[in-house]
Amino acid sequence: MMAPVLVLSLNPALDLSVGLERLAPGRVNRTRETHLEAAGKGVNVARVLVALGHRVTLSGFLGSDNDGVFRRAFETLGVEDACLRVPGETRTNVKLAEDDGRVTDINGPGVIIDAEAWLRLIGELERRLTASTGRPRAVVIAGSLPPGVTPDKLGELVSRVRQAGLPAWVDTSGPALDAAIAAGATAVKPNEHELAVWAGQSALDGAARHAAARRLRDADVEEAVVSAGADGVLWLGRGGDWQAVPPRVAAVNTVGAGDTLVAALLHGVLEEASPDAALRLATALSAEAVRHVGVGRPDAADFSELQRQTRVSRLDEGDDAGGALA
Ligand SMILES: O=P(O)(O)OC[C@H]1O[C@](O)(CO)[C@@H](O)[C@@H]1O
């Protein structure tokens, strides 16, 4: 079994994925298929880490009124369920996936977290960070903040993880991203839009995106990772500046691709893979994810081929890197 990881999902979601030919706003639409799944960024990260062989404990908050789908998913996956139950329902997020690959996300705010629930989470985190056995090797905090959890509170989680001497990988956006960076997050993964917001610009591409990613790393982040859909991934970290471009795939549903990237890249770092092999695996798995509803499947029959077709290059030296992580 590979390194144990603690994942904090502060704002999980039931994802209702709806496949339809073309969305006609304001009209009656007929769906082709619908699929309800336990999700949210932290839950998706946990799924991928488990598929890659890690022991995963998931904590955070779940509404006690509708936790059945989550309980069953965690049991099936073999994820240790350390989620705290709070009164109410976990939000349902709707994902409208049209035939041309366009996806419309409709995400709810989440269940209200009061001071008592927050203290319970801090207690749970401290127990995990100081456990004499099964202590995690890394902590991932992924997703938006539910009502009642301020960016400062997210910063408190990051600080506690860092004070315990563990890496904190954070995938969030807006003021929460600022707070995570200020608190010393080890790694952050905005997408290109979230990076533009962070950089105070309307949009970023090419050299401007690379420059903003450099600023992010220089904000004292060890690993700055930027996902940009079919344009690929920028990874500026301790192993240098890297870029990966995935092979073209038929996009069915892009939801979960970024979560797949975070999990698979952390896997590579924990397993001490070379930067090019780690980035190749993570980028290829993220491309695999967009071919269907849900996260990337490392057991896909053509996964080695997807890795082989992923172009990885070093930006600060200019040499093309080869090799795939088995
Ligand atoms: O926490 P946020 O930013 O609202 O995002 C939640 C959504 O993100 C996803 O995890 C995909 O990244 C979905 O499963 C979920 O509905």
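Quantities reported herein were computed from a predicted structural model and do not represent experimental measurements. Sequence order as written defines residue numbering, which begins from 1 separately in each chain. Two thresholds apply to this predicted model, a pLDDT of at least 70 for residue-level local features and 80 or more for giving and counting side-chain atom pairs, whereas whole-chain, interface and lining totals are computed over all residues. Excluded from the side-chain calculations are hydrogens and water; all other atoms, namely the structure's heavy atoms, are used.

Draft legend 1. Representation of the overall build of the chain within the structure. Each helix corresponds to a stretch of at least 4 residues labelled H or I by DSSP, and each strand to a stretch of at least 2 residues labelled E; elements are numbered beginning at the N terminus. Along the chain, the regular secondary structure elements total 10 helices and 15 strands. In this description the radius of gyration comes from C-alpha coordinates, and the expected globular size is given by 2.2 Å times residues to the power 0.38. Taken over the C-alpha trace, the chain has a radius of gyration of 19 Å; the compact-globule value for 326 residues is 20 Å, and the two agree within 12%. Here the C-alpha coordinates of the chain stretch approximately 55 × 55 × 40 Å along the principal axes. For this analysis, residues touch if any pair of their heavy atoms sits within 4.5 Å. Of the contacts formed within the chain by residues at least 6 apart in sequence, a portion of 66% connects residues at least 24 apart. Note on areas: Shrake-Rupley, 1.4 Å probe, and residue coverage restricted to the protein chains presented here. Surface exposure of the chain reaches about 14,000 Å², of which carbon and sulfur atoms provide 49%.

Draft legend 2. Representation of the packing of helix α8 (residues 257-270) against helix α9 (residues 275-289). Interaxial angle, 0 to 180 degrees, is taken between N-to-C directions of lines fitted to C-alpha atoms, where a helix line uses only the stretch in contact. At their nearest, the axes of α8 and α9 sit 8 Å apart, and the two run at 155 degrees to each other. By the angle class used here, α8 and α9 are roughly antiparallel. In terms of crossing hand, the pair formed by α8 and α9 is right-handed. Judged by residue contacts, Ala257, Thr260, Leu261, Ala264, Leu265, His267 and Gly268 of α8 engage Ala278, Leu279, Leu281, Ala282, Thr283, Leu285, Ser286 and Ala289 from α9. An angle below 35 degrees is read as roughly parallel, one above 145 as roughly antiparallel, one from 65 to 115 as roughly perpendicular, and any other as oblique. Throughout, a crossing is termed right-handed when the near helix is turned clockwise from the far one, and left-handed when it is turned anticlockwise from it by less than a right angle.

Draft legend 3. Expanded view of the UniProt feature "domain: Carbohydrate kinase PfkB" (unreviewed entry) in the chain. UniProt positions are given in the numbering used here, feature names are shortened, and annotations may be inferred rather than shown by experiment. Using the residue numbers shown here, the UniProt feature "domain: Carbohydrate kinase PfkB" (unreviewed entry) corresponds to residues 22-297. Here residues 22-297 is 39% helix and 22% strand, with 27 Å between the C-alpha atoms at its ends.

Draft legend 4. The arrangement of the site of the ligand in detail. Around the ligand, the structure places 14 residues, and the nearest of them are Asp15, Lys41, Asn93, Ser144 and Asp259. Separating an oxygen atom of the ligand from a side-chain N or O atom of Ser144 is a distance of 2.7 Å. Here a polar contact means two N or O atoms within 3.5 Å. Within protein one must be a hydrogen donor candidate and the other an acceptor candidate, and residues neighboring in sequence count only if both atoms are side-chain atoms. At 2.9 Å, a side-chain N or O of Asp259 approaches an oxygen atom of the ligand. Compared with its free state, where it exposes 400 Å², the ligand has 88% of that area covered by protein. Only protein atoms enter the 1 Å grid used here, on which a cavity is any set of points holding a 1.4 Å probe that cannot leave and a pocket is any open set flanked by protein within 12 Å on both sides along at least five of seven lines; residues with an atom within 4 Å of a point are listed as lining. Throughout, a molecule is located in a cavity or pocket provided that more than half of its atoms lie within 2 Å of its grid points. The site holding the ligand turns out to be the largest pocket. The nearness test applies per residue and asks whether one of its heavy atoms lies within 4 Å of the molecule or strand.

Draft legend 5. Structural context of empty space enclosed by the protein. Grid points are joined across faces, edges and corners, and a volume is the space filled by probe spheres set on the points. Summed over the entire model, instances satisfying the criterion amount to one cavity of 30 Å³ or more. The calculated volume of the largest cavity comes to roughly 80 Å³. Every residue along the wall of the largest cavity is listed here: Asp15, Ser17, Glu37, Ala39, Asn44, Asn253, Val255, Gly256, Val293 and Gly294. Elements that contribute at least two residues to the lining of the largest cavity include exactly β2 (13-20) and β3 (33-39). Note on residue classes: Ala, Val, Leu, Ile, Met, Phe, Trp, Tyr, Cys and Pro are nonpolar, Asp, Glu, Lys and Arg are charged, and everything else, Gly too, is polar. When grouped by side-chain class, the residues that make up the lining of the largest cavity number three nonpolar, five polar and two charged. Here the bounds of each domain stem from an automatic or database domain assignment. Of the residues that make up the lining of the largest cavity, three or more belong to each of domain 1 (1-188) and domain 2 (189-326).

Draft legend 6. Focus on the sheet that holds strand β6 (residues 92-98). The sheet built from four strands is open, its strands ordered β3-β2-β6-β7 with mixed pairing. Strands at the two margins of the open sheet, each flanked by one partner only, are β3 and β7 (103-106). Shown here is a sheet whose adjacent strand axes are inclined to one another by a mean of 20 degrees, direction ignored. In this structure, β2 lies alongside β6, joined through seven bridges in parallel fashion. Here a strand pair is declared whenever DSSP counts at least two bridges between the two strands.

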